[in-house]
Amino acid sequence: MTSPQSDPAPQPPQPPQGHAHGHTHSHGPAAPVSKHLRKVIAAVVIPFATAVVVGLIAFWPGGAPDHERTGVGFDRQTQDGKVVQVVKVDCADVNAAQVPPTGDTSTPSGREAVNEQEGECAKATVEVTSGDDKGRKFVEVVQPDAPRQLREGQGVVVAYAPDAPRDLQYSVTDVNRKIPMTLLAAIFALAVIAVGRLRGVMALVALAVSFAVLTLFILPAILQGSNPLVVAVIGASAIMLAALYMCHGVTARTSVAVVGTLISLLLIGLLGSLFIGWADLSGNTDDNTGLIHGLYPDIDMSGLLLAGVIIGSLGVLDDVTVTQTSAVWELHQADPQMGWRGLYRAGIRIGRDHIASVVNTLVLAYAGAALPLLLLFSIAQSSVGTVANSELVAEEIVRTLVGSIGLVASVPVTTVLAALVVSADRPGAGTSSSTAAAPARTGRGRRRKA
């Protein structure tokens with residue numbers, strides 16, 4: 001009969017391997033904790049989940065409010081269209097009514113004016129393929145220096161202006177990208193399912209739930225006039241509960257990650273509220289936010305900015321807290337006799353590597369989104385202080401730093417919670433038998449007797 005003493009020997013090196021961003025929570029079932037600990041965790045999580053459900057019911061909007069379209073920006077009636085013919089024509093023929101160019105090509109406006117008179121333009125015939133005017137055709141003139149050129153057979157999005165003269169009611173506003181976007185989404189879903197299997201399927205379901213909460217609750221509730229911060233906290237909490245429990249199971253391990261994420265979100269909310277107010281960030285910095293404020297003047301735009309910070313940080317927070325909790329659980333399974341201090345020290349060493357990667361990821365994500373803006377500042381040869389002080393960039397700096405502080409804080413918070421919970425579990429404390437944990441504990445016990 002093989003001695004159980006040799007069973008645990010090869011296991012200690014496993015926790016660091018599990019953290020190599022493959023996440024230890026994806027390997028094997030978690031060892032159960034004692035009945036007392038389950039009651040303690042439930043006493044925290046169940047009231048929180050109940051409060052989230054009550055919040056969803058209390059602030060449920062029942063749909064976005066109606067408004068009269070302004071015809072500006074995204075607030076336009078649109079239909080699908082198709083380019084049926086493109087003919088090259090002399091720009092002087094189609095731009096005859098415009099102001100003649102000055103001949104000065106040293107400025108962008110001068111070069112554009114010259115091109116409009118001397119270049120070759122495209123005269124596109126576009127057919128409306130949806131809506132009440134399906135089959136109606138109109139002509140779109142594309143200048144030679146336009147960023148978007150049209151080609152025959154291309155799908156487009158057309159805007160409808162009912163108050164304009166009949167010949168000017170329709171115009172091309174964008175390219176129809178439904179097919180490539182749908183195909184890319186299908187490839188993504190197949191890749192997730194092929195690699196993640198059942199967990200991949202549950203991750204996609206959780207993603208669908210997240211979009212549903214965002215589109216059916218958060219956005220309409222804000223448009224109805226509810227406080228953006230309160231709505232964002234309730235919505236983010238609902239997304240967190242659904243995503244974590246659906247992807248990782250209803251276990252004590254997941255519940256610890258939930259509590260760690262909640263504490264970090266509260267910290268992000270407090271810091272964001274403090275520094276957005278202190279820095280006098282209005283949240284109204286571009287055409288889109290200006291249009292929102294014009295259509296719905298009662299919306300708190302600075303609160304909307306804070307809501308975006310909370311929701312934007314949630315996805316990375318989930319990753320950090322689940323990984324840290326799983327690392328501590330695996331360390332405990334490898335050495336059940338390790339106390340909470342030892343578990344915390346070992347877990348925080350893993351967390352430091354995670355901090356370095358996620359903070360860099362968050363900063364680069366925001367920098368990538370603001371790259372055109374940063375390029376404009378570079379062209380203007382503005383100083384770093386001037387760039388950072390502008391509200392457009394200051395918003396991104398506050399968003400990045402507040403989110404990063406929350407991420408950094410989530411590592412020690414979640415690690416110490418997981419260490420305290422898992423180390424408080426002792427044999428004979430009402431813990432169910434576990435095939436993964438029993439051999440290790442038996443081996444330790446026999447070694448002590450020996």
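Residues numbered from 1 in each chain as written. Predicted model: local features only at pLDDT ≥ 70, side-chain atom pairs only at ≥ 80, totals over all residues. Heavy atoms only, no water.

### What to know about the packing of helix α6 (residues 228-248) against helix α9 (residues 301-334)
Filter applied, for reference: Interaxial angle, 0 to 180 degrees, is taken between N-to-C directions of lines fitted to C-alpha atoms, where a helix line uses only the stretch in contact. To qualify as a helix, a DSSP run of H or I must reach at least 4 residues; to qualify as a strand, a run of E must reach at least 2; elements of each kind are numbered from the N terminus. Any angle from 65 to 115 degrees is called roughly perpendicular, while one under 35 is roughly parallel, one over 145 is roughly antiparallel, and all others are oblique. Here a crossing is taken to be left-handed if its near helix is turned anticlockwise relative to the far helix by less than a right angle, and right-handed if that turn runs clockwise. In what follows, a contact means two residues having at least one pair of non-hydrogen atoms within 4.5 Å. All amino acids are sorted into three groups, where Ala, Val, Leu, Ile, Met, Phe, Trp, Tyr, Cys and Pro are nonpolar, Asp, Glu, Lys and Arg are charged, and the leftover types, Gly among them, are polar.
At a minimum axis distance of 9 Å, the contact between α6 and α9 shows a crossing angle of 20 degrees. The orientation of α6 relative to α9 falls into the category roughly parallel. As for the relative orientation of α6 and α9, their crossing is right-handed in sense. Residues Pro-228, Leu-229, Ala-232, Val-233, Ala-236, Ile-239, Met-240, Leu-244 and His-248 of α6 pack against Gly-303, Leu-304, Leu-306, Ala-307, Ile-310, Ile-311, Leu-314, Asp-318 and Val-322 of α9. Partitioned by chemical class, the residues of the contact of α6 with α9 number 15 nonpolar, two polar and one charged.

### Brief notes about the nonpolar core
What counts is decided by this rule: Here, the term nonpolar core denotes a set of buried Ala, Val, Leu, Ile, Met, Phe, Trp, Tyr and Cys residues that are joined through side-chain atoms within 4.5 Å. Residue exposure (1.4 Å probe, protein chains only): buried if accessible area is under 20% of the type maximum, exposed if over 50%, otherwise partly exposed.
If you look at the biggest cluster of nonpolar residues, it comprises 55 residues, and the most contacted ones within it are Val-258 and Trp-329. Of all elements in the fold, only α2 (35-59), α5 (178-223), α6, α7 (252-278), α9, α10 (340-369) and α13 (391-423) reach the threshold of two or more residues within this core. With 12 residues, the next largest nonpolar core counts Ala-122, Val-126, Val-142 and Val-158 among its residues.

### A short note on the environment of Val-128
Relative to the helices and strands, Val-128 is located in strand β2 (residues 120-128). Spatially, the C-alpha atoms of Val-128 and Gly-81 are 4.3 Å apart, while their sequence positions differ by 47 residues. Once residues within four sequence positions are removed from consideration, Val-128 is found in contact with Gln-79, Asp-80, Gly-81, Asp-133, Lys-134, Gly-135, Arg-136, Phe-138, Val-158 and Tyr-170.

### Quick notes on the packing of α5 against α6
At a minimum axis distance of 9 Å, the contact between α5 and α6 shows a crossing angle of 165 degrees. One element, α5, and the other, α6, form an angle in the roughly antiparallel class. Of the two elements, α5 crosses α6, and the hand of that crossing is right-handed. Taking contact as the criterion, the partners of Arg-199, Met-202, Ala-203, Val-205, Ala-206, Val-209, Ser-210, Val-213, Phe-217, Ile-218, Ala-221 and Ile-222 in α5 are, on α6, Pro-228, Val-231, Ile-234, Gly-235, Ile-239, Ala-242, Ala-243, Met-246, Cys-247 and His-248.

### A few points about the pairing of strand β4 (residues 155-160)
Worth spelling out the cut-off: We call two strands paired when DSSP finds no fewer than two bridges between them.
Bridge analysis of strand β1 (residues 77-90) against β4 gives six bridges, and the strand direction is antiparallel. When the sheet's bridge partners are listed, Lys-82 is paired in β4 with Gly-155. Relative to strand β5 (residues 170-175), β4 runs antiparallel, the two being bridged by five bridges. From the neighbouring strand, Val-157 faces β5, where its bridge partner is Asp-174.

### Details of a nonpolar patch on the surface
Note the following rule: Exposure above 30% relative accessible area and no salt bridge define the residues that can form patches, which grow by joining like charges within 9 Å and nonpolar side chains of Val, Leu, Ile, Met, Phe, Trp and Tyr within 5 Å. Here, Shrake-Rupley sampling with a 1.4 Å probe gives the accessible areas, and only protein chains in the shown set may cover a residue. One speaks of a salt bridge when a side-chain nitrogen belonging to Lys or Arg is within 4 Å of a carboxyl oxygen belonging to Asp or Glu.
Residues Ile-193, Leu-198, Val-201 and Val-205 make up a contiguous nonpolar surface patch of roughly 320 Å² in combined accessible area. Within the fold, Ile-193 resides in helix α5. The class for Ile-193 is partly exposed, based on a relative accessible area of 36%.

### Structural notes on the pairing of β1
Direction of pairing for β1 relative to β2: antiparallel, over a ladder of nine bridges. The residue of β2 that forms the bridge with Val-83 is Val-126.

### A closer look at the pattern of salt bridges
Counted according to the given criterion, the structure contains five salt bridges. Among the ionic pairs, Glu-396 bridges to Arg-399, the shortest N-O distance being 3.5 Å. A residue pair is termed a helical-turn pair when its members lie 3 or 4 positions apart in one helix, as Glu-396 and Arg-399 do in helix α13 at three residues.

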